[in-house]
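Chain residues, written in single-letter form:
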Amino acid sequence: MGGKLWALFFMLTALAALAATFAGPLLGVGFPGDGRAYTTIGVKIDSLFMLILWIVVVVFIGTQLALGYVLWKGAEAATTGRPAQFSHGNPTLEVIWTIIPAAILLFLAIYQMDVWAEYRIKTMIPKANEVVAEVTARQFEWRIRYPQAGKPLGLRPQPDDVHTVNDLRVPVGRSVSINLRTEDVQHSFFVPHLRIKQDAVPGKVIPVWFHVTKAGEYDLVCAELCGWGHYKMKARVLAMPEDEFQAWKKQIAVEQFTDGVTAAAPDSNQTPNTAE
């Protein structure tokens, strides 16, 4: 009886895996935020993830059902006294279960190449892309440099650049990119809700492009253990409508370049000096 219970247990885990695979994406369980990706590249990455997930689930269900079947038959044989059958290998079967996984891996490797190339190869970045900011990681914060409104971002800091800390703002509805670099050790720029992740490697300036489709505030964290204060590298990406983004750039520039000191009004009671 114990063998049949184990057989039922393993078969039921297959059904549980199937149910979790359906319910997870619908309920947003196991995914950042509400489970949706809010970049165009993120949607494609999620599609690849779901494809791999379903392949794994089908394989898992098949192995669990096969295991349950063997246990069930073994339990029946034990109750009837029928002798067990032993096998010393089946070359044909071993060849089959070697070729099938190899074919699946080869298919995945080829199938994902377009998404990988679109995300990682510089020449595949959309032509209409704008470099909106330079993001510099350092222990333990993110420093962001924006060009003055109406000017392109220079590779080197300019006197009229605008700076923020742990606050990256980008427009929604069009392709933009950042130049990612690090001042010290290796960090990793990670925005889970947008499915964006890129290592910041010392000595390199790495472009990272994306197209945010929904305005909102998204967590920015470091995904590379970079030192004792690694946990403090939490920032935000604020995706804004285009007009709000441009207005913010002008406002932050005024605030940054205004020292708060106003010129004193001339004293009307003071006798002006006259030349003798």
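In the block above lies the structure referred to throughout.
Not measured: the values here are computed from a predicted model.

A. Quick peek at helix H5 (residues 242–256). A rise of 1.5 Å per residue sets the reference length of H5, with its 15 residues, at 21 Å; its end C-alpha atoms lie 21 Å apart and thus fit the reference within 8%. Among the residues of H5, Phe245, Trp248, Lys249, Ile252 and Ala253 are the ones counted as buried. Buried residues along H5 cover an arc of 130° about the axis, so they all sit on one side. Seen from the buried face of H5, the exposed residues on the opposite side, beyond 90 degrees, are Asp243, Lys250 and Val254. Along its buried surface, H5 packs onto strand E2 (141–146), strand E3 (162–165), strand E4 (167–171) and strand E10 (235–240).

B. Layout of the environment of serine 47. Counting through the fold element by element, serine 47 comes out in helix H2 (residues 40–80). It is 10.0 Å that separates the C-alpha atoms of serine 47 and glutamine 112, two residues lying 65 residues apart in sequence.

C. Highlighting the packing of aromatic side chains. Using the criterion set out here, one finds 9 aromatic pairs in the structure. Measuring from centroid to centroid gives 5.8 Å for tryptophan 142 and phenylalanine 189, while their planes differ by 90°, and the two rings are edge-to-face. Of this pair, tryptophan 142 sits in strand E2 while phenylalanine 189 sits in strand E6 (residues 187–191), and the two are 47 residues apart along the sequence. Owing to a relative accessible area of 1%, phenylalanine 189 belongs among the buried residues under this scheme. Cluster of aromatic residues (ring-pair linked, three or more members): Trp6, Phe9 and Phe10. Lying across the ring of tryptophan 72, lysine 4 places its NZ or CZ 4.8 Å from the centre.

Basis of the calculations
Residues numbered from 1 in each chain as written. Predicted model: local features only at pLDDT ≥ 70, side-chain atom pairs only at ≥ 80, totals over all residues. Heavy atoms only, no water. Helix = DSSP H or I, 4+ residues; strand = E, 2+ residues; numbered from the N terminus. Expected span 1.5 Å × (residues − 1). Buried < 20%, exposed > 50% of the residue type's maximum accessible area, 1.4 Å probe, protein only. Arc of directions from axis to C-beta. Contact = heavy atoms within 4.5 Å. Phe/Tyr/Trp six-rings, centres within 6.5 Å; stacked < 30°, edge-to-face > 60°. Lys NZ or Arg CZ within 6 Å of the ring centre and 35° of its normal.

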